[in-house]
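# Examination of the molecular architecture
Chain by chain, the residues:
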Amino acid sequence: MLRFLVRRLLGAAVTLLIISAITFMLFYAVPRDPARMACGKVCTPDTLELIRHNMGIDDPLPQQYWNWLSGIFVGRDYTGIGNCNAPCLGYSFVNHESVLGTVKDRFPTTASLALGSSVVFLIFGIGTGMLAAVKQGKALDKIASSASLVASSMQIYFVGPVALYLLVYQTHLLDQPAYTPFTENPAAWFTGLLVPWLVLALIWTANYTRMTRSQMVETLSEDYVRTARAKGLSQRTVFFRFAWRGAMGPLVTIFGIDMGVLLGGAMITEKTFSLQGLGMLAVKSVINNDLPMLLGVMIVTAAFVVLANIVVDAVYAMIDPRIRLA
Amino acid sequence: MSFSRRNFLIATGVAAASSTVLSACSSGSSNSGNSNGGKHDAAKANTITIKVGTAEDSKGPAPEVSGAKKGGKVYLLNDDDFSHLDPQRIYYAWNSLVEVVLARTLTGYKIGDDGSMTLVGDLAVDTGVMKDEGKTWTFTLKDGIKWEDGSDITVDDVRHGMERGFADFTTEGATYAQVWLTGSEEPRKSYSGPYKGKHLKSIETSGKSITFHLAEARPDFNYVLAMHSYAPVPVKHDTKQAYDKKPFSSGPYKVKSHTTDKSMVLVRNEHWDPNTDPIRNAYPDEFDFTFGIEAETAIDRLIADTGNDQYAVSWRTIPQSKIQQATTKAKDRTFTALGSGTSVYWINQTRVTDMSVREAIIRAWPTAGIRRLQGGENRGDYATGFMSPLVAGYKSQDVWGKLKKPEGDPAKAKEVLKKAGKLGTKVVYAYQNDPVNAKVKVVIENALTKAGFEFVGKPLDSTTFYDQIGMVDNPYDVYWGGWSADWPTGYSDFMPCFHSSKVVDQGNNYSHLKNKDVDAAIKAATEEVDQTKANDMWAAIDKQVTELGAFIPDVYMRRIYMHGSKLGNVKMDPNFDGCMLYKMYVKA
């Protein structure tokens, strides 16, 4: 297990290094000058040069990348601004804040959104999917399958405003979406995120319903399940001890990747509900030509996906004894 | 395009997607046109009164708003945070709209109920004493003006604010005064700011007076000092770069908390004395800004008008997609007015050298069709020139008959072209590659083709559009542009946009007009001491550059805003094109 983890973590580090290098190069391939935005209306060449120097973008590209990379391990000194302690993901000249500080500030919103919605879609998605599999071919199965097909083809940017209109603006059943830290006011945290959770969960529940159903149906037709039945085990035992465990493997894999993506920021959801999470931060960084911030968000997002994959691999082996950590 | 201070919305909104309807915040002021189905055009656009006030006008308190009372909290629904709060880093109206309640300046604008603007002394007892035909200006500070800690605002603080404008971290701010105070187009080479213990030799202080010695005559320098770029900063509380997050207030409110891109709360500055302030009323106790709310979402919330949203204002214009819904469901809570921006289409004089060709393009131009695609009447009133009706001296002078035929006159254009022997002339039109501009391009193509031109459309990436058209040797004949003056006299319209010295890469003379007569006229108007005469001279220059075919007049831009039902006197600041925080009040 230890060897597995060390090997995967080293692989993850290399993956993140490649992602950061590619992001860095791609950003500079776009013919936009980050210094221009800070140069005011009457922008003379001298002033532009001064800003570039202050931003550290007058160095050769490899040097800039090295400065950024080494900052993660040893920190960086920004002339006139101060020291950015390790791990330093850079300094945003747009927000005038350290990238790590901003990412830390935004992460709880994204994490709350991801965790809350995943609880809802896992419970309802897996539950409905299992029910549909058990009642395969019957009315319940058909209703669940049809409903999930409809829901999974919907988009946040459509369902979100409709939900807001119906549940918030018209009927006032639920609160206006907003993020309040859990530690500050748990009730406000819950009510403020309920609409985004439900909307996000509606679409993801549909996906998990379909996946769970198909996995369960497939597993229930496996030889070992038939053997278990033939041995006279109860339906409940067959279902939960054998079939469910076998079907969960692929679902865990998908969930791990989905969580990584959600923790990296559900951009459209955050934008639809005006939640200031990592997704919105990424969008704004692109609009503002804010390379340090974009790079920071990209790295954090990529780290979540990579880590989620490692966790999934480990959990997979625990769920399915047939899998061994090679 | 580099944009003027008041033109940030043009730069970021319309420039990016010209379908965006620019709008402003005014409820019933005389400068606001009636949007109830009437046609908006330049002839109907009422010019507002802009004058220099007396020492008496500069005395506080500001006239009370009828029915207004103190107290309550106002919620601002913003899509974006303010890019700067450090006054020396402020150029754009977006920031000035909030800075005006945090930072007082030597002079400022007293806005009348009718939208008129009177330049008055804000921190100064009057609008300054001019000598040497505008080369020397002296201002004397009022008694009782305080910082948020209760300490006096001194001339040292005023000088410090001016000197900070030279620092290497305040490059975003205006540079007009820096150039005039040093006599150098690269002022930072002459002086690097106050942090090395040196003061500018061109600024003298004595007791409560501060004197500016300018390298050139600037008879409207007192207007320039109303810009937030020249607001005082306390020497003792200057936190340099960190000042941008939490400036030290001299206005009626101070920053209680500010989390970038999330929220900001302003509360009363108890050391602000209304008796020293002729401009600001400051009725609400608190302003609560929430950032990151999409403009569409903000309007949905305001239409629903529930809870705290009854006390809210949309900080950004009503998006085109929501105008009909907003004006139908809550007409009494929406308001439209003319903004200070003018939309034009530049004609590149470097490439289109023949006046007949320029005339034909202008005559054929389908202004009405373009406006329909960009929001109709809410987009703006048909323009006749470059100078906005919100600039002193504006005169409606329809040189090209655009008011009579806003849909364009391809037949007449063809006649002009034929007479000049230029039928079939190629016109390269550059535009931002977005859905609305793609439709606009088709309308223009049809009109110019009908007039006998060979039309070539060149879609450009929105993010680099201004970089590309900003090159003097750009390969395009016609392209869009927006502008508004940095202060309401003609100087900051015509000097940056039409003087031959500004035909440089990434300069603001996008038409590349190089005309000795225009240069001479600009110089004469700039040096004219009598501002009434100067205003007439700027109006004449407006006609002159229009006649030269440097641009195709498009529209004087309009703005439309919305507020909750529990707010009163929500009006537009004609100087900054947005809601005046210091004039509104909470009804109940």
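Residues numbered from 1 in each chain as written. Chains lettered and ligands numbered in written order. Predicted model: local features only at pLDDT ≥ 70, side-chain atom pairs only at ≥ 80, totals over all residues. Heavy atoms only, no water.

### A look at the overall build of chain A
The secondary structure content of chain A amounts to 12 helices and 4 strands. Its C-alpha atoms give chain A principal-axis dimensions of about 85 × 55 × 35 Å. Relative to its 326 residues, chain A shows a buried fraction of 45%. Sequence-distant contacts in chain A: of pairs separated by 6 or more residues, those separated by 24 or more amount to 65%. (Helix = DSSP H or I, 4+ residues; strand = E, 2+ residues; numbered from the N terminus. Buried < 20%, exposed > 50% of the residue type's maximum accessible area, 1.4 Å probe, protein only. Contact = heavy atoms within 4.5 Å.)

### Some words on the confidence of the model for chain B
Residue and element names in this part refer to chain B. Here chain B averages 89 in pLDDT, while 92% of its residues score no lower than 70. Scored below 50 in pLDDT, residues 1-43 makes 187 contacts in the model with residues more than four places away or belonging to other chains. Interface confidence in the predicted complex, given as ipTM, is 0.76; pTM for the same model is 0.83. (pLDDT = per-residue confidence, 0-100.)

### Points about the interface of chain B and chain A
Counting from both sides, the interface comprises 42 residues of chain B and, opposite them, 33 residues of chain A. Both faces combined, the contact of chain B with chain A buries some 3,000 Å², and carbon together with sulfur accounts for 46% of it. A per-residue breakdown of the area chain B buries against chain A is headed by Thr171, Asp261 and Lys262 of chain B, which together make up 17% of the total. Counting across the chain B and chain A interface gives 5 salt bridges. Across the salt bridge formed by Glu294 of chain B and Lys271 of chain A, the nearest N and O atoms sit 2.7 Å from each other. Mapped onto the side of chain B that touches chain A, the elements with two or more residues apiece are helix H5 (187-190), helix H7 (295-304) and helix H14 (491-498) of chain B. With 4 residues, H7 of chain B is the largest single contributor of residues to the side of chain B that touches chain A. In the side of chain B that touches chain A, the residues fall into 8 nonpolar, 16 polar and 18 charged. (Buried area = accessible area lost by both parts, 1.4 Å probe. Salt bridge = Lys/Arg side-chain N within 4 Å of Asp/Glu carboxyl O. Nonpolar A, V, L, I, M, F, W, Y, C, P; charged D, E, K, R; others polar.)

### With respect to the sheet that holds strand S1 (residues 50-52) of chain B
Residue and element names in this part refer to chain B. Strand order across the open sheet formed by 3 strands is S1-S4-S3, with mixed pairing between neighbours. In this open sheet, the two strands that pair with only one neighbour each are S1 and strand S3 (107-111). Strand-to-strand, the axes of this sheet are offset by a mean angle of 30°, without reference to chain direction. Across 3 bridges, the pairing between S1 and strand S4 (residues 117-121) is parallel. Its bridge partner being in S4, Ile50 is matched across the sheet by Met117. (Pairing = 2+ DSSP bridges. Axes fitted to C-alpha atoms, helices over the stretch in contact; angles between N-to-C directions.)

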